[in-house]
Amino acid sequence: MIDVDAIRECLDTSILKIQILPYEEVDSTNVIAKEQIADGADEGLLIIAEKQTMGRGRKDRCWHSPVGGLYFSLIVKPRIGIINAPLMGLLASCATAQGLRAIGAQHAYVKWPNDILLDFDKVSGILSEIVTVDHDSHLIIIGIGINQNSTSSDFPDDFAYSVTTVRDYLGCLTSQEGLLCHIINSFDNLLKMVESTNSFKPILETWKELSSTIGNRVRITDDSQTYIGIATDILDDGSLLVQTDKGEKIVTTGDVRHLRND
Ligand code: BTN
């Protein structure tokens, strides 16, 4: 069972007032977060589960959540307007990659929009959801899943993408409390940058530094089409700029696959 006291000891946040709600098993920590918001929960509530029976990913996909992984949802307020909610997802990606690097996974990279890779394989995904509290008041649920102490053999082999775990990458088990604290502390630090500059520019810069998408050849699949190009930049609203044979495309939704550059 995750050690809540150990988490409290290593948390070092100044903006987020963290309250921890631990579970052994839930359907989805994001679902619990929604229920908690309906009951009046506010920024700072952190729901952690050892296992999820119905973990969900982007586009309503299933997020396989065996014991050993780290699954949590953090409730936060939007910053600089609800329009910037997608940028909070990018901020969460940066915090996750920084947390993974802090425990020794040096080749942790962010992949647009909200995946974290270790080298070329997916180790973590982020599902952020907006909840309307009153007519014009919102909260954001940042749901983060990390394949930490599970191993690749815990995953079905018909996955559409290549999966890895921190354990397989580092060759050892790592502390869930430690990784969680690094991520939350980084999240808080990045929020501080947003608040002190009143802008998401520092987040976009950090995202680019941690990114393995920019400069890469990518295949974009969205509802209606598939195209290939070079990802050249991320725009102020968080969308991805891709240079294709037919000109520049701005990608706001859709799936990105990194292709080899040769
Ligand atoms: C994705 O890669 O599509 C996003 C996956 C997000 C998974 C996390 S695990 C904690 C939280 N609870 C969920 O049901 N989903 C998110």
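These numbers come from a predicted model, not from an experiment. (Residues numbered from 1 in each chain as written. Predicted model: local features only at pLDDT ≥ 70, side-chain atom pairs only at ≥ 80, totals over all residues. Heavy atoms only, no water.)

Participant: For this particular structure, what's the right way to read the side chain of serine 211?
Facilitator: Relative to the elements of secondary structure, serine 211 occurs in the loop between helix H6 (201–210) and strand S8 (217–221). A polar side-chain atom of serine 211 sits 2.8 Å from the main-chain amide nitrogen of threonine 213. (Helix = DSSP H or I, 4+ residues; strand = E, 2+ residues; numbered from the N terminus. Polar contact = N/O pair within 3.5 Å; in protein donor to acceptor, adjacent residues only side chain to side chain.)

Participant: What is the right way to look at the state of the cysteines in this model?
Facilitator: Here a disulfide denotes one covalent bond, and it connects the sulfur atoms of two cysteines. Considering all chains together, one arrives at 1 disulfide under this definition. Note that cysteine 10 is cross-linked by a disulfide to cysteine 181, the S-S spacing being 2.3 Å. Taking the torsion about the S-S bond as the criterion, the cysteine 10 to cysteine 181 disulfide, at about 70°, is right-handed. Residue cysteine 10 is found in helix H1 (residues 4–10), and its partner cysteine 181 is found in helix H5 (residues 176–197); the two are separated by 171 residues along the sequence. Overall, the relative accessible area of 30% leaves cysteine 10 in the partly exposed class. Note on cysteine 181: relative accessible area 2%, which makes it buried. Counting only cysteine sulfurs, cysteine 181 is the nearest neighbor of cysteine 94, a cysteine outside any disulfide, at a range of 19 Å. Look at cysteine 94 and you get buried, because its relative accessible area is 0%. Left without a disulfide partner, cysteine 172 is nearest to the cysteine sulfur of cysteine 10, which lies 17 Å away. (Disulfide = S-S within 2.5 Å. Buried < 20%, exposed > 50% of the residue type's maximum accessible area, 1.4 Å probe, protein only.)

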